[in-house]
Each structure stands twice: as C-alpha cells, then as structure tokens.
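Descriptive structure summary
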Amino acid sequence: MKVDRRQLLLGALGLAAVRPRSEGAHAQTAHEVLRRIPSTGQAIPAIGLGSWITFNVGDDPLLRGASAEVIAAFVEEGGGMIDCSPMYGSSQGTIGYGLQRLGYPSSVFSAEKVWTNATGDGPGQIAETLDEWGVRRFDLLQVHNLVAWEGHLETLFAMKAEGKLGYVGVTTSHGRRHDLLERIMQRYPIDFIQLTYNVLDRDPEARLLPLAQERGIGVIVNRPFQGGALTRRLRNERLPAFAGDLGAESWAQVILKHLLSHPAVTVVIPATTQVAHLRENKRAAHGSLPDPTLRDRIVEEIRSL
Amino acid sequence: MTDWWSYRPSDFLLFSPTTYWRLFELENAAVWPLPLVTLLAGLAVLGFTFRPPTWSGRPLALLFGLAWAWVGWSFLWQRYAPINWAAGYVAPLFALQALIFVWIAAAGAGCRLGTRFTLSALPGSLLLGYAVILHPLTALLAGRPLAGAEIVGIAPDPTAIATVGLALLMPPGVERWLLLIVPSLWLSASAVTLLTLSTWEGWIPIAVLGLTLLTVRRSPAA
Ligand SMILES: NC(=O)c1ccc[n+]([C@@H]2O[C@H](COP(=O)([O-])OP(=O)(O)OC[C@H]3O[C@@H](n4cnc5c(N)ncnc54)[C@H](OP(=O)(O)O)[C@@H]3O)[C@@H](O)[C@H]2O)c1
C-alpha cells in the first residue's frame, strides 16, 4: 500500500505552504499536513491510527462494524499509517476486516511489528500477520519493544533488500530502553523509530529526536494521549485562549499540534474507537502549528492543570 | 535490560470494558437457551443445599465438573481467548477443575453436604445463592443489558463463586481444599482484570475471596 499521487501533490503543497499566520503559530494548508519519510522522501499524512485495545474486539460483529467505521473515516480523511502488532489480540484481524470492506485502499500505509522472543519464529509470525491483514506486503515492519531485536532486524533488512518490505523500524514505549534505542539508531540503517512522546513525557526531546533528525530516521509517536489518561484528565478544563490562534477546537488537538510541531516527528498515531474523535484528530494536522514559544506554553498550561 | 519494575497491570490490558462485557451478551446469545438451563440447574443445586438427599453427592460433583469443562471450553477458549491470549493458558486449569470434580465423584462419594442446615453452612449457602441469583443482576446494576448477565455454568465468575460456595458447604478436608484452588486463582485473576478495567465489579471476587479465607480459617480441621 502506498500514499497515492493526489496525496503526494497535497504533500508538496502542504510542505511548501508553511508560513507564519499569527505570532506563535505557523500556518499550513487547509488540508492535512503531509510529512516526508526521511529515508525516501515519500509523503505520508501526519496523523496515523493506532490499534492497541481499541480494535481488539474479537469476532463481536457490532464492535467489528464500529471499528470498520473508524477505519473508513480514516481513509475518507486521507488515510495514512495504521499501526498494529501481533501483541494486540484480534486487532490485526479487525484491521483486515475494515480494509477488506473498503477494497484495500491504496492510501493506507501498513505498519506492523514482529514480536517474538525467538528470531526463528519471526518469518512465520510475519506471514500470519500478512494473512490477518489480507495483504501481500507491509509498508513498514518494526521490531516490537526491541524484543530479540538483533535477529529480527536481520530478517527485516533481508526482506527489505528483496523488495518484500518497504521500511524497517524499531519500537519502544513508556520511555523504556531509550539508551539501547539510541545505540541502534547510531549503528543500523533503520527508517523509523517509534516511541512515546507527549506533553508530559518529553524525554525524547533531549537526545532521541535530535538524533533522528541528524540520522534521517522517521519518528512515529505513540501514546500521544497517554493511552487516554491525558484527554480524560483535561476533559473538564477550559481551553486556553491560544487554542483559538492555533485553530484547535479541543485539548486533543492542542496535544497533537504540540507533537506535530516538533520538526523530527513524522507521524503521530492516536488510537480511537470513535469516528468523531478520529476526525477531530485528523483535523489537528490542518491549520496552524505552535512555534517553540507556544510549545513551551502548551506544556506549562497542561502541567499546571 | 528490560525494566520489568516499570510495568503496571494496565500495560498488559488488551481490551476495553465495552469489549469485555459484550463477551457475555454474545456468549448468552450463542448458546441460548443453555443459560436458562444452567440457571435452573443452579437453583436446583441451591435447593439441595438446604436438605441434600443422600444420593446427591456424585450428581453434584459431576454437574459442577461439567460446568467447569463447558465454561473453560466455550467461554475461555472460544470466546475470551481471541481478545486475551492469556485466557488460552487459563482454559486448561478449568479442565483440571473439571477433572478434580470427576475424581471426587469417582473415588469418593462426590460433594457430600451436611444433611441439616446449620449456621456454619451460612457462608457457603450465601455464596452459592449470590452466584446463582444475584450475580447475574450486577449487569443491570452497572447499566448493562440483562442479555449480558453473567450466569452460572456459562460465565467463569459466577461458576467460580458457586464452586467456592459448594466447597465451603463440604466438610473440611483434602477434597474441599482441592476444589478451592482453581476457583481462588481464577477469582484473583478476575479481580486484577476488572480493577484494571476500572470497574467496581472487581471488588466482588475480592469480597468472595475474603469471605472464603475467613470461613476456612474458622472451620475445624478435618
Ligand atoms: N511498544 C509499542 O510499540 C507501542 C506501545 C504503545 C502504543 N503503541 C501504538 O500507539 C498507539 C497509540 O497509543 P495508545 O493507543 O496506547 O494511546 P493513545 O493514542 O494515547 O490513547 C488512546 C485513547 O485516547 C482516546 N482518544 C483518542 N482520540 C481522542 C480525542 N480526540 N478526544 C478524546 N479522547 C481521545 C481514545 O478513546 P476513544 O476510543 O474514546 O476515542 C483511547 O482510549 C497504539 O494504539 C499502538 O498502535 C505502540
């Protein structure tokens, strides 16, 4: 699956149109901002879709249908990266179901993971994952949580060399194993890292994000809402005045805009069970993004609440 | 090095409360009218506890064995494991509990209960009554449809609670201890799951385990 030509054009427009609109905010196109994958320059929508918990609904026809609606809305809003893992129960099958209903749209960038202690089990697990999605090739495969990373990276690089895979990445979350991640980024020609980054978990800003920029590695941000804890906490808090300057209608959008405004960030992958939230998240990549001063204010504001 | 200390139960939570509670609605619908049958069987067992016929020990053990085998296979293995791979590892324990019941029926006189209702039988009867009659109503209390009620012999929690109740009605001894192990393990796991899902129902298995502990400590030794 690849981002289509229309999106590539939009991407070119989006990237070209970044100019300040008002103090503290950078204006962008009316369309969702597209990012470039550093290793190839391929354009990709900045807001992707996670699937941990939200799409693990087994064979419940009602909840499967609801998940398929979220995926359909995601595609309608321009598509982009859908992230999953063999660790996420039945989420892979749910995504496969959603994509099948849509006829496997080309705007979806498939991001999967390999997650097994035995390197030898990697290829078998990847084959099963392909079956669950109902696709023949993944755009991106990541070593989940750095489990048996050396062996799996070897497998993934070999697949990429044979043209059976688009990109190679590694993931971590909750701020774990950043030292090892840094070493891997320095030594291996990976295309992506995935890590937890949000207004309250800002460890990556110190070393990993600058290193990703320096090495030309794409950054996928997981847990933008701390698994929903952040949005729940802010639910009854009033939006600050600067949200209006950014064109943000909700705390969720303020949080996503904060992440998107970091130059190292390629894609943010919030998960949701709700079409309304999906559209709201997608809209966060429209309009303005905060400048460094406003970024600091966002952090201070949320910390103080 | 993996920082295992930094993991919390919520990091292992794979599904949402909505998905979890829907399992019972789906299971009841899929095996209907079995939930009605197991509910009636549960009520009959409850009736037995007040005046158990002398022949009831073996049928009781076999009935409970059947319930554990069925819940392990139909609910844990088929319904729950797709959203929680850990359930696949727990299902064999349900089979083991079924075998323990069969063994008790084959090697002894089954689940022999006291022939007259005494005060010391109160905790066991209460738990059994709660599992059969009241536990299904927690769905309504929590604002969920009755169609998703957790029914004894269909859902694991009321089956485990009823088993603990039955075991507490038996005279202290090896058989009683054997029957308490798997249900207690299940109820502990269930408490962790439900409390991680932030639902108040998690306190139910904790209360059951507390009452069980108090009762077995007060029972005279075999
Ligand atoms: N090690 C790894 O590789 C790793 C680890 C963690 C996560 N990930 C990936 O990253 C993805 C994102 O992380 P996450 O799912 O843990 O957490 P998250 O995206 O920070 O939070 C998801 C929660 O946020 C809520 N939410 C979403 N949009 C919202 C909105 N606009 N307003 C209010 N609430 C909103 C959702 O609830 P509703 O359903 O109500 O919208 C959901 O409960 C995962 O799904 C997974 O794909 C990977």
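Everything in this summary refers to the structure shown in the same document. Everything numeric in this text was worked out from a predicted model, so none of it was measured. (Residues numbered from 1 in each chain as written. Chains lettered and ligands numbered in written order. Predicted model: local features only at pLDDT ≥ 70, side-chain atom pairs only at ≥ 80, totals over all residues. Heavy atoms only, no water.)

**Brief notes about the overall build of chain B**
Along its length, chain B carries nine helices and zero strands. Along chain B, from the amino end to the carboxyl end, the secondary structure elements read α-α-α-α-α-α-α-α-α. The C-alpha radius of gyration of chain B comes to 17 Å, within 12% of the 17 Å expected for a compact globule of 222 residues. Each of the three principal axes of chain B carries a C-alpha extent, and together these read 55 × 45 × 30 Å. By residue count, 52% of the 222 residues in chain B fall in the buried class. The long-range share in chain B, meaning contacts at least 24 apart out of those at least 6 apart in sequence, stands at 74%. Carbon and sulfur atoms make up 73% of the accessible area of chain B, which amounts to about 10,700 Å² in all. Distance from the positive charge centre (11 side chains) to the negative charge centre (8 side chains) of chain B: 16 Å. (Helix = DSSP H or I, 4+ residues; strand = E, 2+ residues; numbered from the N terminus. Rg over C-alpha atoms; globule rule 2.2 N^0.38 Å. Buried < 20%, exposed > 50% of the residue type's maximum accessible area, 1.4 Å probe, protein only. Contact = heavy atoms within 4.5 Å. Areas by Shrake-Rupley, 256 points an atom, 1.4 Å probe, with all protein chains shown as cover. Lys, Arg positive; Asp, Glu negative; His and termini not counted. Charge placed at Lys NZ, Arg CZ, Asp CG, Glu CD.)

**Considerations on the overall build of chain A**
A count of helices and strands for chain A gives twelve helices and twelve strands. By the burial criterion, 59% of the 305 residues in chain A qualify as buried. Long-range contacts, defined as pairs at least 24 residues apart, comprise 76% of the intrachain contacts of chain A with a sequence gap of at least 6. Summing over all exposed atoms, chain A offers an accessible surface of approximately 12,300 Å²; the carbon and sulfur share of this is 49%.

**Section: the sheet that holds strand S10 (residues 218-222) of chain A**
Residue and element names in this part refer to chain A. Taking strand neighbours across the sheet as the criterion, the seven strands line up as S5-S6-S7-S8-S9-S10-S11 in an open arrangement whose pairing is parallel. Because the sheet does not close on itself, it has two edges, and the strands there are strand S5 (80-83) and strand S11 (265-268). Recorded for the sheet is a direction-independent mean angle of 30° between the axes of neighbouring strands. Bridge analysis of S5 against strand S6 (residues 108-114) gives four bridges, and the strand direction is parallel. (Pairing = 2+ DSSP bridges. Axes fitted to C-alpha atoms, helices over the stretch in contact; angles between N-to-C directions.)

**Re the side chain of Asp291(A)**
Residue and element names in this part refer to chain A. Along the polypeptide, Asp291 turns up in the loop between strand S12 (289-290) and helix H12 (292-304). Despite its burial, Asp291 pairs with no opposite charge; the closest candidate is Arg295, at 8.1 Å N-O. Polar contacts involving the side chain of Asp291 include one to the main-chain amide nitrogen of Leu294, which spans 2.9 Å. (Salt bridge = Lys/Arg side-chain N within 4 Å of Asp/Glu carboxyl O. Polar contact = N/O pair within 3.5 Å; in protein donor to acceptor, adjacent residues only side chain to side chain.)

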